[in-house]
Amino acid sequence: MLYLIATPIGNLEDITLRALRLLREVDLIAAEDTRHSKILLQHYDINTPLISLHSFNETQRTPQLLARLKQGENIALITDAGTPLISDPGYGLVKAVRIVGIQVIPLPGACAAITALCASGLPTDRFVFEGFFPAKSSERKKHLASLQHETRTSIFYEAPHRIVECVENIVSVLGADREIVLAKELTKTFETFFCGTAGEALQWLEVDVNHTRGEFVVLISGMVELKKSEISENTLHILKILSEELPHSQAVELTARITGEKKNALKKSCFL
Ligand code: SAM
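In what follows, the accompanying structure is described.

Rules of the game
Residues numbered from 1 in each chain as written. Predicted model: local features only at pLDDT ≥ 70, side-chain atom pairs only at ≥ 80, totals over all residues. Heavy atoms only, no water. 1 Å grid on protein atoms, 1.4 Å probe; cavity = no way out; pocket = protein on both sides within 12 Å on 5 of 7 lines; lining within 4 Å. Points joined across faces, edges and corners; volume = space filled by probe spheres on them. Nonpolar A, V, L, I, M, F, W, Y, C, P; charged D, E, K, R; others polar. Domains from an automatic or database assignment. Phe/Tyr/Trp six-rings, centres within 6.5 Å; stacked < 30°, edge-to-face > 60°. Helix = DSSP H or I, 4+ residues; strand = E, 2+ residues; numbered from the N terminus. Buried < 20%, exposed > 50% of the residue type's maximum accessible area, 1.4 Å probe, protein only. Axes fitted to C-alpha atoms, helices over the stretch in contact; angles between N-to-C directions. Parallel < 35°, antiparallel > 145°, perpendicular 65-115°, else oblique. Left-handed = near helix turned anticlockwise from the far one by under 90°. Contact = heavy atoms within 4.5 Å.

Right, let's get into the layout of surface pockets. Approximately 430 Å³ is the volume attributed to the second largest pocket. What lines the second largest pocket is a set of 22 residues, and nearest its centre among them are Ala-81, Ala-112, Phe-132, Tyr-157 and Glu-215. Its residues placed into classes, the lining of the second largest pocket shows twelve nonpolar, three polar and seven charged. Mapping the lining of the second largest pocket onto the domain boundaries places at least three of its residues in each of domain 1 (2–107) and domain 2 (112–220).

Before going further, it helps to examine the packing of aromatic side chains. Within this structure, the stated rule accounts for four aromatic pairs. Seen from their ring centres, Phe-129 and Tyr-157 are 5.1 Å apart, and the 70 degrees between their planes marks the pair as edge-to-face. Taken together, the positions of Phe-129 in strand E6 (residues 127–132) and Tyr-157 in strand E7 (residues 153–158) put the pair 28 residues apart, joining distant regions of the chain. The exposure class assigned to Phe-129 is partly exposed, which follows from its relative accessible area of 31%. You can call Tyr-157 buried: its relative accessible area is 10%.

Once that is clear, we can look at the packing of helix H6 (residues 137–146) against helix H7 (residues 163–174). Relative to each other, H6 and H7 sit at 45 degrees, their axes nearing to 9 Å. It follows that H6 is oblique to H7 by the angle criterion. Like other packed secondary-structure pairs, H6 and H7 cross with a definite hand, here right-handed. Contacts between H6 and H7 involve Ser-137, Arg-140, Lys-141, Leu-144 and Ala-145 from the first element and Glu-165, Cys-166, Asn-169, Ile-170, Ser-172, Val-173 and Leu-174 from the second.

Set out below in structure tokens:
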């Protein structure tokens, strides 16, 4: 069997009893970075043999692991932190293992996206996980523009050296008023949740360089769906046309000027 085992995202205690037992019992642990995983395994006195499986060797490694699974060995897949395959290696292996009909058993546990979402104060009933933002600012802006009318909470991972630029992009594309949450260093000593508008988040990042350090999950609140009666059909129509061509904040500004509708009501609107 192939076991997918979630490991902690910071606090070493965030691992289940079942995960510890299986990491001890399996024949082999495939780890994204064997040196990194040794810290966790040594902490729990686990001495199971390790082999590396990362994004650069997954294609070559998969047939080798498949052969061992076919011989009846049990293998655990772990990554540096959190749930394997979630912005982490393992997809190629799981797909190949499923194709040959060997069982894949997931062991649930830490995942930065879900950990951040549940404590963010943003709606949790519907959400979309977007993984990492594109690295280039122009691509990031394009991606954000495609989410302009998203009504679900959007969840992203972002690297610390890009966090300021990323929030700048959110301000410029979605507007300074959009509610966002920066969930930083989850489960670690300096765990911090910044909750506020994108404009306030940018100020918070700029006021202290320490605020930009660490691992981040970025959450963006969805647009609030307005009932049609709250804003006239005509106003919504104008807002929709302008939003297709302009950043939402500009579309709101112009629609308010054209129709006399209050900006605040328009700001949160999306189209039904
Ligand atoms: N598989 C992992 C999971 O289940 O969350 C994600 C791995 S991905 C390569 C690493 C990214 O997850 C980081 O760059 C950061 O955006 C986010 N992340 C991981 N640990 C985190 C933590 N303790 N606090 C905040 N974000 C974290």
